Structures are given as C-alpha cells and as structure tokens.
Amino acid sequence: MFDPTALLVLGVQQIHVGQEMIAKISAAGQLMQCSASLDVLFLLDGSYSIGKGSFEKSKHFAGKLCDAFDIHPDRVRVGMIQFSSTPHLEFPLDSYPTKQEVKERIKRTVFRGGSTETGRALKYILHKGFPGGRNSSVPEVLIIISDGKSQGSTAVPAMQVKERHITVFAVGIKFPRWEELHLLASEPPERHLLFAGDAEDAANGLYSTLSDPVCTATAPGCKVESHPCERRTLETVKELAGSYVCWKGSKQPNAVQASLCPFIRWKRVLTKHPSRCFRTVCPAAKLSLECSVDLLFLMDSSAGVTLEGFLRFKAFLKRFLQARVGQDSPGSVGVAQYDDGVKIPIELGQHKDTFSLMKSIDALNFSGGRTLTGRALQYIAQHGFRSSPVFADVQDDLPRVVVLLTDSKSQDSVAEAAKYVKDQNLFLIGVGSSFMRAELATVTGNPQQTIVYSDPQDLFNKMPELQRKICSVGNPEGCQAQSLDLAFAVDASSGVGLENFLHLRRFVRSSCLHFIINRDVTQIALVTYGSRAHTMFSLDTHTSNSAVLQAIDQVPFLGDSASAGSALLHVYSDVMTVQKGARPGVNKVVVLLSSGAGMQDAAAPAQQLRHNGILVFLVVVGDTERDTLLRVAGSPNYLVHISSYAELQYYQGLIIERICEEARSPVNLCKPNPCMNQGVCILGPGSYRCECHGWEGPHCETRVLRGDSPRSPALPPQSPVQWSPRGLQHFSRALQHSRRQMDQRH
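Worth saying up front: this structure is predicted, and the values here are computed from it rather than measured.

(A) How the structure looks around the layout of surface pockets. Roughly 580 Å³ of internal volume is contained in the second largest pocket. In terms of lining, the second largest pocket is formed by 25 residues, of which the most central are Asp67, Lys99, Lys103, Leu311 and Lys314. Broken down by class, the residue content of the lining of the second largest pocket amounts to seven nonpolar, five polar and 13 charged. Each of two domains, domain 1 (22–230) and domain 3 (294–385 + 397–472), supplies a minimum of three residues to the lining of the second largest pocket.

(B) Representation of the UniProt feature "domain: EGF-like" (unreviewed entry) in the chain within the structure. Residues annotated in UniProt with the feature "domain: EGF-like" (unreviewed entry) correspond here to residues 666–701. In this annotation, residues 666–701 is assigned 0% helix and 33% strand; the end-to-end C-alpha distance for the span is 26 Å.

(C) Region of the structure containing the sheet that holds strand 7 (residues 193–195). If you walk across this open sheet you meet the six strands as 4-3-2-5-6-7, and the pairing is mixed. The sheet terminates laterally at strand 4 (87–91) and strand 7, the two strands that pair on one side only. The mean angle between the axes of side-by-side strands here comes to 25°, regardless of whether they run parallel or antiparallel. Relative to strand 7, strand 6 (residues 166–172) runs parallel, the two being bridged by three bridges. The residue bridging Ala170 from the neighbouring strand is Leu193, located in strand 7. The strands touched by helix 2 (residues 51–66) within the sheet are strand 2 (38–45), strand 3 (76–83), strand 5 (140–146), strand 6 and strand 7, with strand 2 carrying the most contacts at an inclination of about 170°.

(D) Quick look at empty space enclosed by the protein. Summed over all chains, the structure comprises four cavities of 30 Å³ or more. Within this model, the largest cavity holds a volume of roughly 70 Å³. Forming the walls of the largest cavity are 16 residues, and the residues nearest its centre are Arg583, Pro584, Lys588, Pro672 and Pro674. A breakdown of the residues in the lining of the largest cavity according to their chemical character gives nine nonpolar, four polar and three charged. Taken domain by domain, the lining of the largest cavity gets at least three of its residues from each of domain 4 (484–663) and domain 5 (670–701).

(E) Broad picture of the environment of Gln678. Here Gln678 shows up in the loop between helix 20 (652–663) and strand 22 (680–684). Look at Gln678 and you get exposed, because its relative accessible area is 72%. Note: C-alpha distance between Gln678 and Cys690 (twelve residues apart in sequence) is 9.7 Å.

(F) Seen up close, the nonpolar core. Of all hydrophobic cores here, the largest spans 37 residues; its most connected members are Leu486, Phe488, Cys512, Val591 and Leu593. For this core, the elements supplying multiple residues, two or more each, are strand 16 (484–491), helix 15 (498–512), strand 17 (522–529), helix 16 (545–553), strand 19 (588–594), strand 20 (614–621), strand 21 (639–642) and helix 20. The contacts of Cys512, once residues within four sequence positions are left out, are Phe488, Ile517, Ile524, Asn545, Val548, Leu549 and Ile552. Listed in part, the 36 residues of the second largest apolar core include Phe42, Val102, Phe111 and Phe169.

(G) Here's a closer look at the packing of aromatic side chains. Counted by the stated rule, this structure contains nine aromatic pairs. Aromatic pair Phe55 and Phe111: ring centres 5.4 Å apart, planes at 55°, arrangement tilted. Linking Phe55 in helix 2 with Phe111 in the loop between helix 3 (99–107) and helix 4 (118–128), this pair joins segments that are 56 residues apart in sequence. We note that Phe55, like Phe111, is buried. Their ring planes at 70° and their centres at 6.2 Å tell us that Phe617 and Tyr638 sit as a pair that is edge-to-face. With Phe617 in strand 20 and Tyr638 in the loop between helix 19 (626–633) and strand 21, the pair connects residues that are 21 residues apart, well separated along the chain. A residue is classified by how much of its surface remains accessible, and Phe617, at 0% relative accessible area, is buried.

(H) Fine view of the pattern of salt bridges. Taken as a whole, this structure holds 17 salt bridges when the rule is applied. A salt bridge links Asp39 to Arg134, with the shortest nitrogen-to-oxygen separation between them at 2.7 Å. Residue Asp39 is located in strand 2, and its partner Arg134 is located in the loop between helix 4 and strand 5; the two are separated by 95 residues in the primary sequence. The class of Arg134 is buried, set by a relative accessible area of 14%. The partner of Lys103 in a salt bridge is Asp67, and the shortest N-O contact between them spans 2.8 Å. Remark: Asp67 occurs in the loop between helix 2 and strand 3 and Lys103 occurs in helix 3; sequence separation between them is 36 residues.

(I) Just unusual backbone geometry, in detail. The step from Glu187 to Pro188 runs through a cis peptide bond, and the omega angle for that step is -10°. Tracing the chain through its elements places Pro188 in the loop between helix 6 (178–184) and strand 7. Cis peptide bonds are those with omega within 30 degrees of zero, and the linkage from Lys671 to Pro672 qualifies with -10°. Locating Pro672 in the fold gives a position in the loop between helix 20 and strand 22. Non-glycine residue His165 carries a positive phi angle of around 65°. Examined against the element boundaries, His165 turns out to sit in the loop between helix 5 (155–163) and strand 6.

About the criteria used
- Residues numbered from 1 in each chain as written.
- Predicted model: local features only at pLDDT ≥ 70, side-chain atom pairs only at ≥ 80, totals over all residues.
- Heavy atoms only, no water.
- 1 Å grid on protein atoms, 1.4 Å probe; cavity = no way out; pocket = protein on both sides within 12 Å on 5 of 7 lines; lining within 4 Å.
- Points joined across faces, edges and corners; volume = space filled by probe spheres on them.
- Nonpolar A, V, L, I, M, F, W, Y, C, P; charged D, E, K, R; others polar.
- Domains from an automatic or database assignment.
- UniProt positions renumbered as here; feature names shortened; annotations may be inferred.
- Helix = DSSP H or I, 4+ residues; strand = E, 2+ residues; numbered from the N terminus.
- Pairing = 2+ DSSP bridges.
- Axes fitted to C-alpha atoms, helices over the stretch in contact; angles between N-to-C directions.
- Contact = heavy atoms within 4.5 Å.
- Buried < 20%, exposed > 50% of the residue type's maximum accessible area, 1.4 Å probe, protein only.
- Core = buried A, V, L, I, M, F, W, Y, C linked by side-chain atoms within 4.5 Å.
- Phe/Tyr/Trp six-rings, centres within 6.5 Å; stacked < 30°, edge-to-face > 60°.
- Salt bridge = Lys/Arg side-chain N within 4 Å of Asp/Glu carboxyl O.

Shown next, in the form of structure tokens:
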C-alpha cells in the first residue's frame with residue numbers, strides 16, 4: 001500500500017512506493033558488491049556554495065559508496081579529485097589497494113572552498129584522464145558529487161567526457177540544481193542521477209545501473225525495478241507582494257511627490273522534477289543455506305593474513321551468505337574471529353535475516369595479532385555452539401559445521417586441536433590459498449574437506465563448492481539415499497603398529513561421515529584382524545552416525561601377526577549374512593585396509609566374496625608386490641596402493657566414489673545367498689524363493705520340529721517371495737528381532 005509520507009531525506013527525493021519497499025531498497029543497497037575490473041573516479045564539489053558541512057556529507061557518501069565496490073588493484077580502483085575554483089587531485093586510482101585504506105583517505109580530505117568551476121574540472125579530466133587508472137582498458141566511471149550550481153557552462157565538456165565512453169553519475173548534495181546535474185549525467189539520465197542524502201538508496205541505484213553489463217549479475221531472486229519518483233530543488237524566486245507609497249523626485253527644484261512603488265520579496269520554493277528511479281529489490285529471505293546445519297565461520301584476523309586478506313574474507317562471507325541463502329530450512333549462522341585470542345561477535349542464531357547479519361559483518365574489525373589457529377579451534381569446539389536462552393532455537397540435533405577461513409600458517413600446533421574438534425562431532429572445512437594446502441589438510445584430516453584458491457578472485461569462484469561441502473553434512477556426499485551394506489576390515493597387526501593403526505581408524509571414522517547410517521540407507525560393520533579376525537560391531541548393531549563414530553573410537557589395537565585371508569573369510573561367513581543384519585537385495589562392499597602383510601592367503605576368500613556379489617576394495621600402505629595385491633582386489637579399479645599412512649586422506653574421495661558406483665549397480669537378489677541353514681536361493685523375475693531342507697520360513701529361518709511337514713507359516717511351500725528393497729529391510733528387522741528372542745530362550 002502506498003504511503004504518501006514515505007520521503008527519502010528532507011523531501012529532496014521521493015520514491016513513490018510504500019515504506020516496506022523503501023526498506024527493501026535500502027537493505028538491498030547494503031548487500032551490493034561490484035567485483036568487476038573497473039576504474040572509479042570521485043569528483044567532489046568543494047566550493048563555498050556547498051559549504052564545509054555538506055562537504056563532510058559528500059565525503060561520508062563517497063565512503064559509503066566504496067562499500068559497493070570490491071576494491072583491489074586487479075578489480076575496482078578508486079581515486080578522487082576535489083574541485084572549486086580549480087581542480088585538485090586528492091589521490092590517484094593506484095594509490096590505495098584496499099577498501100579500508102581508500103575510506104580512511106577520503107575521511108582525511110580537507111575542504112578547500114572557492115567558486116564552483118565544474119566545467120574546468122571536467123576539462124582537467126579530458127586532459128589528464130583518470131590518474132592512476134588503466135587507460136580505458138577497463139570501464140571508467142566518474143561520480144560527480146555537487147549541488148549543480150556551476151559558475152560556468154558545463155554542457156560542452158560534459159558531452160565530451162561522455163563521448164570518451166566514460167559513464168557519468170551525477171549525485172546531488174544539499175538542495176541540488178537538478179537541471180544542471182541532468183546535463184552532466186550519462187544517458188539515460190534517470191538511471192545516472194542519485195541523491196547523496198540517502199547513501200543506501202544511492203548505492204542501490206549505482207549498482208542497479210552498473211550490474212548489467214559492468215558488474216556481476218544481481219543475487220538470486222533480486223531484480224531491478226523501475227519506480228515513479230520525484231526530485232525537488234529549493235529555488236529562491238522574486239514575488240510581487242503589492243505596492244507601497246514611496247517618494248519620488250519631481251521636475252520642480254527642491255520638490256518631491258508621492259507615488260506607488262512595487263513591493264518585491266524573495267521566496268524559497270521547492271521545484272518538482274518527476275522522473276523514474278531504478279532500484280534493485282531482493283526478497284527478504286530468512287537466513288538458511290538450503291540444508292539443515294548449524295554453521296560457524298572462524299575468520300583469521302591475525303597479522304599474517306594482513307588487513308587486505310581480512311577484508312577479502314569479509315567480502316567473501318557477505319557474498320556467500322547473500323548468494324547462497326534459501327528458504328524454509330532450519331539452521332543458524334555465527335561468525336568468530338581470532339588472532340592471539342578468539343571472539344564470537346556474531347553468536348550462532350543471533351540473526352534471523354541476511355540484512356541484519358550483513359551489518360554485523362561490516363562491523364568486524366581487523367585485529368592483527370599472532371596466528372594461533374590451534375587455540376582458536378579448541379575454543380570454538382568448547383564455546384562456539386553453546387545455545388543460550390536468547391538463542392534458544394539453536395537446534396542441538398543439527399549437524400555442526402565450522403568453516404575456517406585462514407591465509408597464514410599457524411604459530412601453534414593444530415593437529416591436537418583439530419582432533420579435539422572432531423571428537424566433539426564437529427565437521428570442519430578449511431578454506432585458504434594454495435600455500436596453505438598442507439596445513440588445511442592437517443586441520444581437517446581430509447583433503448576432501450579443504451578448499452584451496454589460486455588467487456584472490458578465485459576465492460569468490462569457490463562459493464558453490466563451499467555450499468556443497470557444508471551441505472554434505474546434513475545430506476552426505478557419499479551414496480546419498482542409495483542402500484548399501486558396508487564392512488571395513490582393518491589390519492591391527494604388529495606390522496602396522498599402534499600409531500599407524502590410529503591413522504587407519506581415523507580414516508574409517510572420517511569415511512563414515514559421508515554416509516547416512518540407518519536401517520534403510522547405509523549399514524556399517526567393522527572387523528579388525530591380526531592372526532584372527534574380530535567383529536567390533538555388526539551391520540545391524542548401530543543405527544546412527546553418532547553411534548558408529550563413538551564405537552570406532554573404542555576399537556583397540558591387537559598387535560600380533562596378520563592374516564588378511566582369515567579377515568575376508570570372517571566377513572563372508574560372519575558379517576555379510578542375513579543373521580548378522582545383511583539385507584537381501586542391497587549391494588555389499590568390504591574395504592580391506594592393510595599394511596600388505598599376510599596377503600598370501602587372501603586371494604581365494606576375496607574371489608569367494610566376489611562370486612557371491614560382494615565387492616572387495618583393497619587399500620594397502622607400504623611395499624608389497626603388486627601382482628599379489630591385484631589377485632586379491634580382482635581389478636586395478638578396486639586397488640589403492642600408497643606409500644605412507646599420511647597419504648590415506650588424499651584417496652578418501654576416490655574410494656567413496658568407487659564404493660558408491662557399486663552401490664548404484666544392479667543387484668542379484670540371490671548373491672550373497674539370503675537363505676539360511678543351507679537353503680537354496682532360486683532367482684525369478686524381480687523375485688527369489690528359498691528351497692529349505694529341514695527348515696521352514698521365507699528364508700529357512702525356523703527349524704522343522706520332528707513329525708511336522710516342512711511348511712512356511714506365511715507362504716505356500718515353494719512359493720516365490722516378491723521382495724522390494726524396503727520390504728527386504730522390514731523383513732531383515734523382523735528376522736533380527738526373532739533371532740534375539742531365540743537367543744534369549746537359549
């Protein structure tokens with residue numbers, strides 16, 4: 001609904017929309033960020049007609065417009081000229097490489113005073129070009145901030161500037177003379193006229209014009225709209241108020257005569273200039289990331305990352321949250337920063353909408369101490385995800401993700417702190433430049449959880465990848481909703497040693513994070529082996545990710561000789577069975593993690609597993625003859641042979657990808673044999689049946705008592721069993737329940 005009282009600043013500019021739309025325009029103006037290669041030159045009116053007070057407002061406005069630019073020598077460069085009687089170069093475009101330095105320099109600009117020679121200032125630009133610019137090799141933007149009350153003609157030099165393909169924005173300050181600013185602005189003038197009294201609105205107007213084709217496209221859901229608007233000029237005009245008796249001389253000497261004289265008075269009136277205002281409007285999206293996680297960004301604010309790096313991370317964070325928010329997904333966002341110490345200026349769940357979060361991010365300040373990443377990670381693990389009554393909707397059951405933004409090597413140890421973070425069931429993603437690759441891999445424990453950029457601009461190209469990694473926690477990147485029975489067989493022999501066994505255990509643990517673990521999707525079993533194999537937990541033991549992770553942490557080292565063959569036989573006979581939770585109609589994979597010792601007896605049981613539809617994936621660390629390993633793996637596609645345990649993490653993505661390929665392949669319902677007690681599985685079209693001898697039931701699970709005839713209580717004898725994957729899973733659960741009851745009786 002239109003609110004006729006909705007004016008933007010003193011009635012000088014009025015956009016004919018409701019108060020809610022004006023709020024949206026201002027809010028969207030705070031989110032604008034142009035990262036194109038662009039040369040921007042401010043031309044500030046420093047004449048006496050402006051006055052010192054309005055000049056300070058012009059400086060403030062120029063500083064606020066800088067927030068819409070990604071200032072960097074390779075992207076947006078900014079310079080400034082102040083003009084009055086003569087133009088004065090305040091600073092060229094190549095002087096200050098960061099936004100903060102440019103804004104600080106603008107603040108230090110001193111009012112000069114003089115007459116308003118706008119035409120002379122434009123001729124200076126025609127003669128000198130953009131000082132410190134890139135010689136028209138990138139788009140040039142001139143932003144004139146003036147009251148438009150020039151003391152000379154501006155029409156010719158203004159036309160010549162625009163003929164040089166310079167985009168000219170004319171920004172009114174105080175009570176501007178819009179007719180002259182109209183002449184200064186590029187075509188169409190309604191898209192290049194702005195008012196300095198409302199910085200957010202002007203930033204929106206500037207970006208809306210530059211967004212196509214100069215700057216990047218507007219954020220998803222945002223669009224440029226045209227609204228009727230009105231600009232006003234405060235003019236001083238003469239008005240005849242009446243007549244009064246006055247005395248005039250007469251022709252006679254020494255005589256005067258009475259007469260009527262006109263009474264003139266000066267009046268200040270607002271002259272109206274109807275126009276159109278083009279503004280970007282964004283939907284007021286609730287804050288979420290299209291997946292259900294609690295998300296905390298941990299930003300490096302140490303001296304090593306530099307002021308420029310810190311500001312780059314801030315810009316990245318704003319753009320990421322602006323571009324990647326969705327609707328109707330639970331979750332909270334927080335921001336912490338660190339150097340010697342750690343601060344959490346934006347608590348998890350503190351902001352419910354993007355706009356208020358942007359303001360808080362803008363308020364973050366660079367601190368510049370030592371780079372103590374280890375201490376910061378430890379602190380965040382302890383304090384970052386505590387919900388308080390103020391933020392009571394922070395959901396304790398959502399996955400918790402920490403995104404570390406750093407570009408400087410840590411001055412303390414990160415390995416123990418990173419382990420502590422993972423022990424708290426936090427998912428850690430590391431983002432940094434290429435020289436941080438090794439440290440980020442150490443911090444996350446998995447190169448798949450690191451994002452490395454090659455140059456500053458490349459960081460902004462990583463936003464889709466970051467969202468995928470964040471959302472892989474609530475919706476894992478493993479096999480998604482594909483059903484899978486997965487067993488890990490881990491070498492715990494003396495040939496591996498305790499320290500390397502812990503490497504293997506961590507690898508299994510981080511791999512499990514990539515799967516949805518429950519009765520319907522992925523089931524996981526773990527076997528350790530030395531000379532004999534031991535089931536640590538069966539496929540049907542744990543029904544959640546957290547339970548599996550806790551169980552892995554308790555798995556002990558064995559320390560005797562290794563027999564990979566006995567481990568694979570154990571998996572075949574005592575793990576991948578219906579009695580131990582294996583589901584008919586679900587693909588099955590065993591991943592054997594080994595030092596390479598004890599492989600001589602493994603080829604035959606591996607072949608037996610494959611023959612029964614169970615994929616064997618072999619991961620070997622150390623020196624072992626490759627031919628021996630290939631006989632066990634069956635194919636080079638299912639063999640990963642590496643030289644050191646530290647390299648394991650680099651192959652996790654490949655291994656999970658191969659496992660998932662198997663999970664998506666067609667399944668043989670009779671492999672492995674779902675029939676118990678030597679029952680024979682007979683395959684039919686989309687179904688199977690079990691032929692039983694001395695046993696009965698769909699899977700020959702019930703012993704036939706002496707004197708009874710073999711029969712199935714549920715189905716006629718020899719009838720085919722039509723099982724869907726979900727039906728098989730329900731049967732598997734019922735079977736496990738009946739098996740537990742039988743165990744209790746015996």
